[in-house]
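Letter by letter, the chains look like this.
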Amino acid sequence: MSETAYAPVSQHLSDVEAAREEGRRKMDWALQHMPILNALREEFVDEQPLEGETIAMAMHVEAKTANLVELLAEGGAEVAITGCNPLSTHDDVSAALDAHESITSYAVRGVDDDAYYDAMHACIAHGPTITVDDGMDMVKLVHEEYPDLIDSIVGGAEETTTGVDRLRAMDADGELNYPVFAVNDTPMKQLFDNVHGTGESSLATIAMTTNLSWAGKNVVVGGYGQCGKGVAKKASGQNANVIVCEVDPRKALEAHMEGYEVLPMVEAAKKGDVFITTTGNRDVITREHFEEMGDGVLLANAGHFDVEVNLDHLDDLAVDRYEVREGVEGFEMPDGRVLNVIAEGRLVNLAAPIALGHPVEVMDQSFGVQAVVVRELADNGDAYEAGVHDVPDELDREVAEIKLAAEGVEHDHLTDEQREYMGSWEHGT
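Conventions and cut-offs
The numbering scheme is per chain: residues are counted from 1 as the chain's sequence reads. Where totals are concerned, whole chains, interfaces and linings use all residues; where local detail is concerned, this predicted model gives features only for residues with pLDDT of at least 70, and gives and counts side-chain atom pairs only at 80 or more. The side-chain quantities take in all heavy atoms of the structure and omit both hydrogens and water. UniProt positions are given in the numbering used here, feature names are shortened, and annotations may be inferred rather than shown by experiment. Secondary structure elements are taken from DSSP: a helix is a run of H or I of four residues or more, a strand is a run of E of two residues or more, and numbering for both begins at the N terminus. Taken over C-alpha atoms, the radius of gyration is set against a globule rule of 2.2 Å times the number of residues to the power 0.38. Only protein chains enter the area calculation, which uses a 1.4 Å probe; residues under 20% of their type maximum are buried, those over 50% are exposed, and those in between are partly exposed. Counted as positive: Lys and Arg. Counted as negative: Asp and Glu, with His and the chain ends omitted from the count. We put the charge of a Lys on NZ, of an Arg on CZ, of an Asp on CG and of a Glu on CD. It only takes one pair of heavy atoms within 4.5 Å for two residues to be counted as in contact. All axes here are fitted lines through C-alpha atoms, helices being fitted over the stretch that makes contact, and every angle between N-to-C directions spans 0 to 180 degrees. By definition, any crossing whose near helix is turned counterclockwise from its far helix by less than a right angle is left-handed, and any crossing with a clockwise turn is right-handed. Note on residue classes: Ala, Val, Leu, Ile, Met, Phe, Trp, Tyr, Cys and Pro are nonpolar, Asp, Glu, Lys and Arg are charged, and everything else, Gly too, is polar. Here, the term right-handed applies to a crossover whose path from the first strand over the helix to the second runs clockwise when the strands point away from the viewer. When DSSP locates at least two bridges between a pair of strands, those strands are taken to pair. Any Lys or Arg side-chain nitrogen found within 4 Å of a carboxyl oxygen on Asp or Glu counts as a salt bridge. Here a polar contact is taken to be a pair of N or O atoms separated by no more than 3.5 Å, where protein atoms must pair a possible hydrogen donor with a possible acceptor and residues adjacent in sequence count only if both atoms sit in side chains.

Going by the annotation in an unreviewed UniProt entry, the name recorded for the protein is Adenosylhomocysteinase, with Halorubrum ejinorense given as the source organism. Looking at the Sequence similarities (unreviewed entry) heading of the UniProt record, one finds this comment for the protein: "Belongs to the adenosylhomocysteinase family." The record held by UniProt for the protein lists under Function (unreviewed entry) the comment "May play a key role in the regulation of the intracellular concentration of adenosylhomocysteine."

Structure representation (structure tokens):
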């Protein structure tokens, strides 16, 4: 592997062996509950579908992700990985990955912006043939600063909503110069990871960080996409009163017909006890909203980047700011109100001090899709033009079949006659 100016994680830690042991313990626990990755691991080890590939990854480096990384390495790839969020890396897991002979991990928790990008440059210095992203930072950096690599990159995969949105904008501008699969947009990701994963992990992390109950609270959900639906559903299930704020009239109507109160954020600000943003957009909560909020509110972001809750506006309004408890910062307003921000406004289910991200079983499904997509790029990358591509439906179904088999669940199949009927326009009434 390449020598780079930024050192791998093992050179950043004081007790590397202890960190590796603890990281491996976390990975092994997660892998017990990841039947899809276990099944694919057997296939990848036997068939070596990624032999000769070099994969550069920017992901949340924790135990579940680590099992995907190791799967790709066991399938024959050389892998270089770094974090996609400065606060979501688990150093012990990163160190365990770095011990693998085919993996170099540059992910270190709590780095500043310069070190964050230095680590990404270090990954790209390995000369990737495939990129795997969570947020699109890796693809953006390749295009902006390493255009000479593009001809040797067969393609990429993008994990999250925000990243896919950015990629589609890049594609629309004619600036995306290699194929990237929108893993986020598959049914196996949308139906489970975005709904159940985001809903469960965000609420669990907020509850553990604050030691507060959901029952009876007014929970304001910013955005009613798949992630917002999950947060609203899970909060309602824990006896909270849910208010949805949405800019799309159809999604607002959907939330209304699901029984939630729908309000503009400026009105919801007057009623909310907890605010959770899930839009992927900036300035969802700003100065005009902070001015309306009550004393003691909680502000959390479940979107990828820390731009949804405008902390510059909040800091401008505050006369003091201080740590209320670990992972919670209080902003004191001139009238004495304190507005509490969790995890610095970053992705709460991964950036809070005790955050563990989505449940293991949910990420097994999403990372199963990532793995088969990387296999598809290695096998058939030349068949895809530059741009954003949907994941082939047969790959998404393959992952679902593996999961059902592992759970011992049987399901029906179309007969030949039914398949012919569904595929024909000639059948009348």
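A word on the overall build of the protein. Within the protein, the regular secondary structure consists of 17 helices and 15 strands. Taken against the 2.2 N^0.38 rule, which gives 22 Å for 429 residues, the C-alpha radius of gyration of the protein at 22 Å falls within 12% of a compact globule. Seen along its three principal axes, the alpha-carbon backbone of the protein occupies a region of about 70 × 65 × 45 Å. Counting the 429 residues in the protein, one finds 55% classified as buried. In the protein, which carries 29 positive and 83 negative side-chain charges, the distance between the mean positions of the two groups comes to 7 Å.

Sites flagged by UniProt as "binding site: substrate" (unreviewed entry) map to D134, E159, K189 and D193. Across 60 residues in sequence, these annotated residues keep their C-alpha atoms within 13.6 Å of one another, forming a single compact spot. Inspection of the secondary structure assignment puts D134 in the loop between β4 (130-133) and α6 (137-145). Among residues more than four places away in sequence, those in contact with D134 are A58, M59, H60, C84, E158, E159, T160 and H304. Along the chain, K189 turns up in helix α8 (residues 187-210). On the accessibility criterion, K189 (3% relative accessible area) is buried. Here K189 is in contact with E159, T160, V183, N184, N194 and S366, once residues within four sequence places are set aside.

What follows deals with the packing of α8 against helix α15 (residues 360-380). Between α8 and α15, whose axes approach to 9 Å, the crossing angle comes to 145°. When you trace α8 past α15, the crossing you get is left-handed. Each of M188, K189, F192, D193 and G197 in α8 lies in contact with α15, whose residues at this interface are V362, M363, Q365, S366 and V369. Broken down by class, the residue content of the contact of α8 with α15 amounts to 5 nonpolar, 3 polar and 2 charged.

With that out of the way, let us pick up the pairing of strand β1 (residues 54-59). Most of β1 is tucked away: 6 of the 6 residues are buried. Here β1 shows no split at all, with T54, A56 and A58 on one side and I55, M57 and M59 on the other all buried. One crossover worth recording links β1 to the parallel strand β2 (residues 78-83) by way of helix α3 (residues 63-74), and it is right-handed. Sheet topology places β1 next to β4; 4 bridges connect them, and they run parallel. Residue pairing for β4: I55 is matched across the bridge by I130.

This part takes up the sheet that holds strand β13 (residues 328-332). Spatially, 8 strands are ordered β9-β8-β7-β10-β11-β14-β13-β12 in an open sheet, and the strand pairing comes out mixed. With one partner strand each, in any of the chains shown, β9 (261-262) and β12 (320-325) form the two edges of the open sheet. Summarising the sheet, β12 and β13 pair through 5 bridges and their orientation is antiparallel. Paired with Y322 across the bridge in β13 is G330. Sheet contacts for helix α9 (residues 226-237): β7 (218-222), β8 (241-245) and β10 (274-277); angle to β7, the most-contacted strand, approximately 170°.

On to the side chain of E158, then. Checked against the element boundaries, E158 lands in strand β5 (residues 155-158). Although E158 lies buried, it forms no salt bridge, and the closest oppositely charged side chain, R166, sits 7.1 Å away as judged by the N-O distance. Of the polar contacts made by the side chain of E158, one reaches the backbone nitrogen of T160; its length is 2.9 Å.

Now for the pairing of β2. Along β2, 5 of the 6 residues are buried, which leaves the element largely enclosed by surrounding structure. The pairing of β2 with strand β3 (residues 103-105) spans 3 bridges and is classified as parallel. Residue pairing in the sheet places I81 in a bridge with S105 of β3.

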